[in-house]
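Structural description and commentary
Single-letter residue listing:
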Amino acid sequence: MADNPRSALPYLALVLNALVWGCSWWPLRTLQGLGLHALWASAATYLLGTAAIAMFSPAALKEYARNPALWLLGLAAGTTMVGFNWGVTIADVIRVVLLFYLMPVWAALLARFVLHEPLTLRVALRIGMALAGAALVLSPPGQIGFPWPSALGEWLGLMGGAAFALNNTLLRHQKAASAQARLLGMFVGGVLVPAAVALGLGMLPSSSMAAIPLPAWPGVAGLWVLLGFAASLLLANHGLQYGASRLPANVSAVVMLSEVVFATASAIAFAGESLTLQVAAGGALILLAAGLSALENPAGHG
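About the thresholds
- Residues numbered from 1 in each chain as written.
- Predicted model: local features only at pLDDT ≥ 70, side-chain atom pairs only at ≥ 80, totals over all residues.
- Heavy atoms only, no water.
- Core = buried A, V, L, I, M, F, W, Y, C linked by side-chain atoms within 4.5 Å.
- Buried < 20%, exposed > 50% of the residue type's maximum accessible area, 1.4 Å probe, protein only.
- Contact = heavy atoms within 4.5 Å.
- 1 Å grid on protein atoms, 1.4 Å probe; cavity = no way out; pocket = protein on both sides within 12 Å on 5 of 7 lines; lining within 4 Å.
- Points joined across faces, edges and corners; volume = space filled by probe spheres on them.
- Helix = DSSP H or I, 4+ residues; strand = E, 2+ residues; numbered from the N terminus.
- Nonpolar A, V, L, I, M, F, W, Y, C, P; charged D, E, K, R; others polar.
- Salt bridge = Lys/Arg side-chain N within 4 Å of Asp/Glu carboxyl O.
- Axes fitted to C-alpha atoms, helices over the stretch in contact; angles between N-to-C directions.
- Parallel < 35°, antiparallel > 145°, perpendicular 65-115°, else oblique.
- Left-handed = near helix turned anticlockwise from the far one by under 90°.
- Patch = residues over 30% accessible without salt bridge, like charges linked within 9 Å, V, L, I, M, F, W, Y side chains within 5 Å.
- Areas by Shrake-Rupley, 256 points an atom, 1.4 Å probe, with all protein chains shown as cover.

1. A few points about the nonpolar core
Core analysis: the biggest nonpolar cluster contains 70 residues, and V88, V97 and Y101 have the highest contact counts within it. What V97 contacts, discounting residues up to four positions off in sequence, is F84, V88, V260 and A263.

2. So, the layout of surface pockets
Each pocket or cavity is described by its volume, and for the second largest pocket that value is around 290 Å³. Elements represented by at least two residues in the lining of the second largest pocket include exactly helix 3 (38–56), helix 10 (179–202) and helix 11 (219–244). Taken together, the residues of the lining of the second largest pocket sort by class into 6 nonpolar, 6 polar and no charged.

3. Points about the pattern of salt bridges
Taken as a whole and judged by the stated rule, the model has 2 salt bridges. When the shortest N-O distance is used, the salt bridge between E273 and R29 registers 3.9 Å. One end of the pair, E273, is in the loop between helix 13 (258–270) and helix 14 (277–296); the other, R29, is in helix 2 (residues 25–33), with 244 residues separating them in the sequence. E273 sits in the buried class, given a relative accessible area of 13%. Exposure remark for R29: the relative accessible area of 26% places this residue in the partly exposed category. R95 is the partner of E154 in a salt bridge, and the nearest nitrogen-oxygen pair spans 2.7 Å. In this pair, E154 sits in helix 9 (residues 152–173) while R95 sits in helix 6 (residues 93–100), placing the two residues 59 residues apart along the sequence. R95 shares its class with E154; the two are buried.

4. Regarding the packing of helix 6 against helix 8 (residues 121–138)
With their axes 10 Å apart at the nearest point, helix 6 and helix 8 run at an angle of 165° to one another. Judged by the angle between their axes, helix 6 and helix 8 are roughly antiparallel. At the point where helix 6 passes helix 8, the crossing takes the left-handed sense. Mapping the contact onto sequence places R95, L98 and L99 in helix 6 and A134, V137 and L138 in helix 8. When grouped by side-chain class, the residues that make up the contact of helix 6 with helix 8 number 5 nonpolar, no polar and 1 charged.

5. A word on helix 6
Judged by how many residues are buried, helix 6 sits mostly within the fold: 8 of 8 residues are covered. If you check which residues of helix 6 are buried, you get V93, I94, R95, V96, V97, L98, L99 and F100.

6. Quick word on a nonpolar patch on the surface
Taken together, L48, W217, V220, L223, W224 and L227 make up a surface patch of nonpolar side chains, about 670 Å² in accessible area. Among the elements that make up the nonpolar patch, the one with the highest residue count is helix 11 (4 residues). Mapped onto the secondary structure, V220 falls in helix 11. Given the relative accessible area of 57%, V220 is considered exposed.

7. Things to note about the environment of G200
Among the secondary structure elements, G200 is positioned in helix 10. Judged by its relative accessible area of 35%, G200 falls in the partly exposed class. For the pair G200 and I212, spaced 12 residues apart in the sequence, the C-alpha separation amounts to 8.5 Å.

8. Focus: the side chain of N167
Among the structural elements, N167 can be located in helix 9. N167 has contacts with L73, A76, A77 and M186, leaving out every residue within four places of it along the chain.

Structure, rendered in structure tokens:
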């Protein structure tokens, strides 16, 4: 879609999307403090979005129902929600977001095996750069060790990034489908997968650390937070659709990296987190790998 190349609106729209997601940990933690676990909060907000899409784009329902590949897209999108939304509520926001942005590693591997794209030397170097960054982020302060996550939240961040890479790969694979049907698939997955995981973990004994209680009424204040969060996600999605449809894919990918800046700044300002030199260095390597991946591939490929 052509647009005025000098217009700042597409860039601002993508920055708005990044701002909403970079600060999404706040409403999720607030709702969890009011008794509504992040997984149930995710399912509730995406249910509102699903209803809105179905209401304004009824044709997308039929297209979605007859395309099984869109169901797989929904599974990937829902898994992304489980990893990211749950991760930022139980672990350091900065570490989870940085691990989430190991996407170039997963995207390159998926592009190789799903889209049959070559795994070039430059791609391999970017993967090595991102993994070196992960080693710095995951290692204890002052130590450099094997990059294994040490907490559930860190594993969730990694899982969310891998699922998001699969989500983006499937979006490219299903480019012939309408934007409304693909969006519906992602929102349906955002309802079903978090709800299914929450229900499954809810069957565990209450003494288990992984047990998730059934959703509780968060009160009037919590309801306003939930509605505000749902509205902000819809607004962010519109910003993503507007900006990404008017800018080259590689430019969009770089602009969206500003999410890390918003997440870091908000976590330091409002969650009392700190950014050590070691984590900052690791994050710089991860973001550099992601930025190089985007800049090198104008079509948005791995």
